[in-house]
Amino acid sequence: MSFDLSGWKPGCEQAKHLAGSFRIAGIAFFAAVAGPDVHAILSDKGVDLVINLTVGLCLLEWAGFEVIGYMILGKGGC
């Protein structure tokens, strides 16, 4: 099974909806995984390297979902 999307030509509306879904998924993942750790950082509870690493990696993941969303918008010609 192959997932080659080079021939995929979405319309602008389809690209907008799919890009929005990717962006929401990135925010939801960040909130679910790193939310409690961000709260611990903001409230100055015992913060260690693992918490900072988790938040940093989740920020990178969120940025990745944002980039994918913008790539989809570009593919749709919006």
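Residues numbered from 1 in each chain as written. Predicted model: local features only at pLDDT ≥ 70, side-chain atom pairs only at ≥ 80, totals over all residues. Heavy atoms only, no water.

## Some details on the environment of K75
With respect to the helices, strands and loops of the structure, K75 is situated in helix α2 (residues 49-76). Classification of K75 as partly exposed rests on a relative accessible area of 35%. With 65 residues separating them along the chain, K75 and P10 place their C-alpha atoms 7.1 Å apart. (Helix = DSSP H or I, 4+ residues; strand = E, 2+ residues; numbered from the N terminus. Buried < 20%, exposed > 50% of the residue type's maximum accessible area, 1.4 Å probe, protein only.)

## Observations concerning α2
Over its 28 residues, α2 extends 41 Å from the first C-alpha to the last, a length consistent with the 40 Å expected when each residue adds 1.5 Å. Listed in full, the buried residues belonging to α2 are I51, V55, C58, E61, E66, G69, I72 and G76. Along its buried surface, α2 packs onto α1 (12-42). Phi for G77, located one or two positions after α2, is positive at around 75 degrees. (Expected span 1.5 Å × (residues − 1). Contact = heavy atoms within 4.5 Å.)

## Observations concerning the side chain of E61
For E61, the location among the structural elements is in helix α2. Those residues in contact with E61, other than ones at most four positions away along the chain, are G26, F29 and F30.

## Digging into the environment of H17
Turning to its location among the elements, H17 is positioned in helix α1. Of the residues examined, H17 reaches a relative accessible area of 56% and is grouped as exposed.

## A closer look at α1
Over its 31 residues, α1 extends only 40 Å from the first C-alpha to the last, a length that falls short of the 45 Å expected when each residue adds 1.5 Å. A maximum bend of about 60 degrees is found in α1 at A34, where proline P36 lies one to four positions downstream. Residues of α1 that are buried sit in contact with α2. Residue D44 follows α1 closely and has a positive phi angle near 55 degrees. (Bend = angle between axes of the 7 residues up to and from the residue.)

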